[in-house]
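Reading the structure
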Amino acid sequence: SNTFTIQPGPEGNDTCYGNVYVTNGAPDAKLLSIGGWADWYYDFFMFDLTGSPSAADTVSASFYLYGSALNDPGFKLNRITQSWTESGVTLANNPASVFYKNFGSFAVGADAWNSIDITKLYKNWKKGKYPNYCVKLVPTKNNHTNGWIASSDNDNSVIRPKIIVTRRARKAVPA
């Protein structure tokens, strides 16, 4: 196969915090809160890229989340710019980030996979242009946009967050 999947289990790092509820973070939650209902939820994801395809071998990379919301939270995907730990993220203490791109439509009313192309970001991590502190989801709407995303701690390993990298096909070596 020309795809490489990075999908951590419970050893993975992802969490969320809210500005009214869950202000101390949710490092071991099986489902991460998203969006908001007049409040706001922010979600953080980290992936170990050790052994994943190099920038030169990468054709594309996409970030996948499984979940649902009542209404589209209008996510922005930010690149995190400083080190963080899953248990250390709270409303009062969360890592800085910069805008990367708009996420696009998020599943409304039905549990589904949601994805965003992160090829440029992934290649820049692999090249060492940016430290790999990974990404933050920032909602832009909170009018009944609350919902959930499966975390790396979810009991169902199939729906945990993942990055899928498509790599260049390797030429067969003659025998």
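Above this note sits the structure.
These numbers were taken from a predicted model, which means no experiment stands behind them.

A look at the side chain of Asp 39
Within the secondary structure, Asp 39 is located in the loop between strand 3 (31-34) and strand 4 (41-46). Buried charge without a salt bridge: Asp 39, with Lys 136 as the nearest opposite-charge side chain at an N-O distance of 15 Å. A distance of 2.7 Å separates the side chain of Asp 39 from the backbone nitrogen of Trp 37, its partner in a polar contact.

Some remarks on the pairing of strand 4
It is a general feature of regular strands that their side chains alternate between the two faces of the sheet. Among the six residues in strand 4, five count as buried, and that is most of the element. The pairing of strand 2 (residues 13-18) with strand 4 spans six bridges and is antiparallel. The residue of strand 4 that forms the bridge with Asp 14 is Phe 45. Two elements, strand 4 and strand 9 (residues 135-138), share three bridges in a ladder whose sense is antiparallel. In the sheet register, Asp 43 faces strand 9, and the bridge partner there is Leu 137.

Comments concerning the sheet that holds strand 7 (residues 97-102)
Taken in spatial order, the five strands of this open sheet run 2-4-9-6-7, and their pairing is antiparallel. Single-partner strands in this sheet number two, and they are strand 2 and strand 7. The average undirected angle you get between the axes of adjacent strands in this sheet is 25°. Pairing geometry for strand 6 (residues 76-80) and strand 7, over five bridges, is antiparallel. When the sheet's bridge partners are listed, Leu 77 is paired in strand 7 with Lys 101.

Quick look at the nonpolar core
Residues Phe 45, Phe 47, Phe 63, Ile 118 and Leu 137 are the most contacted members of the largest nonpolar core, which totals 27 residues. Elements with a contribution of two residues or more to this core: strand 3, strand 5 (58-69), helix 1 (119-127), strand 9 and strand 11 (162-167). With four residues, the single largest contributor to this core is strand 5. Residues contacting Phe 63, with those up to four places away along its chain left out, are Phe 45, Phe 47, Leu 77, Asn 114, Ser 115, Ile 116, Ile 118, Val 135, Lys 162 and Ile 163. Phe 44, Ile 80, Val 89 and Val 138 belong to the second-largest nonpolar core, a separate cluster that totals seven residues.

Here we look at the side chain of Glu 86
Structurally, Glu 86 is set in the loop between strand 6 and strand 7. Despite being buried, Glu 86 has no salt bridge partner; Arg 160 is the closest side chain of opposite charge, sitting 11 Å away. A distance of 3.1 Å separates a polar atom in the side chain of Glu 86 from the backbone nitrogen of Asp 14. Sequence-distant contacts of Glu 86, that is, excluding residues within four places in its chain, are made with Gly 12, Asn 13, Asp 14, Thr 15, Pro 27, Asp 28 and Asp 153.

Some remarks on the environment of Tyr 100
Of note, Tyr 100 is situated in strand 7. For Tyr 100 and Leu 121, which are 21 residues apart along the polypeptide, the C-alpha to C-alpha distance reads 8.2 Å. Once you skip the residues sitting within four places of it in the chain, Tyr 100 turns out to touch Leu 77, Asn 78, Arg 79, Asp 117, Ile 118, Thr 119, Lys 120 and Leu 121.

Focus on the pairing of strand 9
Here strand 9 shows no split at all, with Val 135 and Leu 137 on one side and Lys 136 and Val 138 on the other all buried. The sheet contact formed by strand 6 and strand 9 spans four bridges and is antiparallel. Its bridge partner lying in strand 9, Arg 79 is registered against Val 135.

Rules and cut-offs
Residues numbered from 1 in each chain as written. Predicted model: local features only at pLDDT ≥ 70, side-chain atom pairs only at ≥ 80, totals over all residues. Heavy atoms only, no water. Helix = DSSP H or I, 4+ residues; strand = E, 2+ residues; numbered from the N terminus. Buried < 20%, exposed > 50% of the residue type's maximum accessible area, 1.4 Å probe, protein only. Lys, Arg positive; Asp, Glu negative; His and termini not counted. Salt bridge = Lys/Arg side-chain N within 4 Å of Asp/Glu carboxyl O. Polar contact = N/O pair within 3.5 Å; in protein donor to acceptor, adjacent residues only side chain to side chain. Pairing = 2+ DSSP bridges. Axes fitted to C-alpha atoms, helices over the stretch in contact; angles between N-to-C directions. Core = buried A, V, L, I, M, F, W, Y, C linked by side-chain atoms within 4.5 Å. Contact = heavy atoms within 4.5 Å.

Any functional reading would require information beyond the geometric quantities listed.
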